[in-house]
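# Chain and residue survey
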Amino acid sequence: GGHGTVYKGITKDNITVAVKKCALIDDRHKKEFGKEMLILSQINHKNIVKLLGCCLEVDIPMLEYEFIPNGTLFELYHGKNRTFHIPFSSLLRIVNEAAEGLAFLHSYANPPILHGDVKTSNILLDENYMAKVSDFGASILAPTDEDQFVTMVQGTCGYLDPEYLQTCRLTDKSDVYSFGVVLLEVMTGQMPLKFEGPEIQKSLSSSFLLAMKENNLEAMLDSQIKDHESMELLSGLADIAKKCLDMCSDNRPSMKEVSEELSRLRKFSKHPWIQRDTEIESFLCGPSTSNLETEHSYLSGPSTSNFEIEHSTEYRRKDEEMPINPSTSYFIR
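What you see as residue numbers is a count from 1 along each chain, following the sequence as written. A pLDDT threshold of at least 70 governs which residues receive local features in this predicted model, and a stricter bar of 80 or more applies before side-chain atom pairs are shown or counted, although totals over entire chains, interfaces and linings include all residues. Side-chain figures throughout are based on the complete set of non-hydrogen atoms in the structure, without hydrogens or water.

## Thoughts on the pattern of salt bridges
The following threshold applies: Put simply, a salt bridge is a Lys or Arg side-chain nitrogen that is within 4 Å of an Asp or Glu carboxyl oxygen. Helix numbering and strand numbering both begin at the N terminus, where a helix is a DSSP run of H or I of at least 4 residues and a strand a DSSP run of E of at least 2. Type-normalised accessible area, obtained with a 1.4 Å probe on protein chains alone, sets the label of each residue: buried when under 20%, exposed when over 50%, and partly exposed for intermediate values.
Under the counting rule described, the total for this entry stands at nine salt bridges. When the shortest N-O distance is used, the salt bridge between lysine 132 and glutamate 66 registers 3.4 Å. Residue lysine 132 is found in strand β7 (residues 131-133), and its partner glutamate 66 is found in strand β4 (residues 62-66); the two are separated by 66 residues along the sequence. Residue classification places lysine 132 among the buried positions, given a relative accessible area of 8%. Put simply, aspartate 161 and arginine 252 hold a salt bridge, and the shortest N to O gap is 2.7 Å. Of this pair, aspartate 161 sits in the loop between β8 (140-141) and α4 (162-167) while arginine 252 is found in the loop between α9 (231-244) and α10 (255-270), placing the two residues 91 residues apart along the sequence.

Pasting the structure below:
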């Protein structure tokens, strides 16, 4: 990991855990470990890795986490040993779950938490390939003073918010920018940063924004995704990514808005007839009922809704999404 070595361990009651051991033992690293412990001890969300315990009273501090067995989104998508294709619906679900985890940090944690290093290698995948946001070594509690600056810019090249680089002020919109790059990786199959080729093509975000400006999105898309998914869905994702990557942070959406928009796109991609029905109803009834309101009223009700089933690991509908099985070869559909 970025801040230490991570070991797999078995507790006395036969539970598998991950133990992070601080890489160095100077005061700065001890402080970062303490900060990570403080932040994670306040969080309980299904899409954020859970801190189980810690030991800070020794020369080399250690943190104990739940063990997440299926690696990272980066390895799943870019890994050299990848032997199967991931259904795009699964990739879309994973990034939606990661967005929900980040939205929880920004909107519901008190005080709000800024992750500071959002990237595909910090999105872990559990036994059901559900997303778990991890690695809070660069995280901070949202400053109450608007003039508070960080003493050292942290993060990963290719994902870093340009405004954060210029001002040294980490905000929730810095995480939004980084998440926009994650969306680009999933849509294009490309790495966020290249070290060869023309300058404009070295940055995935710069290449994407230029393609959008020239109305040439198809040139950026992964060929398998482009051949098997509707352009309506992909254009919707591209629009979200473009908003996340706005150079002015004030113009970017919140992670809560990003999460809600991804959920909406997923539902419409699975049930396009919902969109047709809402369009018809909007035409018949006038502008008083929005598509989003109609969709919500359809999916909500006294019994367990499709939306609730979709967000349950145990009861996901079989006709909505193919399960990931590493022993089987899939084609993106």
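## Some details on the environment of aspartate 239
Positionally, aspartate 239 belongs in helix α9. On the basis of relative accessible area, aspartate 239 is assigned to the partly exposed category, the value being 35%. A sequence separation of 27 residues divides aspartate 239 from methionine 212, and the C-alpha atoms of the two residues are 9.0 Å apart.

## Remarks on the sheet that holds β4
This is how it is decided: Two strands pair if DSSP finds at least two bridges between them. In this analysis an axis means a line fitted to C-alpha atoms, helices contributing only their contacting stretch, and an angle means the value between N-to-C directions, from 0 to 180 degrees.
Read across the sheet, four strands follow the order β1-β2-β4-β3 without closing on themselves; strand pairing throughout is antiparallel. Bordering the open sheet on either side are β1 (4-10) and β3 (51-55), each of which pairs with just one other strand. Going across the sheet, the axis of each strand differs from the next one's by a mean of 25 degrees, ignoring polarity. Bridge count between strand β2 (residues 16-22) and β4: five bridges; the pairing is antiparallel.

## Concerning the nonpolar core
For the record, the criterion: Think of a nonpolar core as a cluster: buried Ala, Val, Leu, Ile, Met, Phe, Trp, Tyr and Cys residues, connected wherever their side-chain atoms sit within 4.5 Å. Every residue pair with non-hydrogen atoms within 4.5 Å of one another is taken to be in contact.
Among the nonpolar cores identified, the biggest contains 64 residues, and Ile43, Leu73, Phe136, Phe179 and Leu262 are the most heavily contacted of them. In contact with leucine 262, other than residues within four places in its own chain, are Leu92, Val95, Asn96, Ala99, Phe179, Leu183, Leu237 and Ile240. Counting five residues, the second-largest nonpolar core is a separate cluster that includes Leu114, Ile140, Leu160 and Leu170.

## Structural notes on the side chain of aspartate 117
Along the chain, the position of aspartate 117 falls in the loop between β5 (113-114) and β6 (123-125). The exposure class of aspartate 117 is buried, given its relative accessible area of 12%. Beyond its immediate sequence surroundings of up to four residues, aspartate 117 is in contact with Asn122, Ala138, Gly155, Thr156 and Asp175.

## Regarding the packing of helix α3 (residues 88-107) against α10
Threshold: For this classification, under 35 degrees means roughly parallel, over 145 means roughly antiparallel, 65 to 115 means roughly perpendicular, and everything else is oblique. Throughout, a crossing is termed right-handed when the near helix is turned clockwise from the far one, and left-handed when it is turned anticlockwise from it by less than a right angle. When residue character is reported, Ala, Val, Leu, Ile, Met, Phe, Trp, Tyr, Cys and Pro are called nonpolar, Asp, Glu, Lys and Arg charged, and the others, Gly included, polar.
The interhelical angle for the contact between α3 and α10, taken along N-to-C directions, is 155 degrees, at an axis separation of 8 Å. In this view, α3 runs roughly antiparallel relative to α10, as classed from their interaxial angle. α3 and α10 meet at a crossing whose hand is left-handed. Side by side, α3 and α10 meet where Leu92, Arg93, Val95, Asn96, Ala99, Glu100, Leu102, Ala103, His106 and Ser107 of the first sit next to Met255, Lys256, Ser259, Leu262, Ser263 and Arg266 of the second. Across the contact of α3 with α10, the residue classes break down as seven nonpolar, five polar and four charged.

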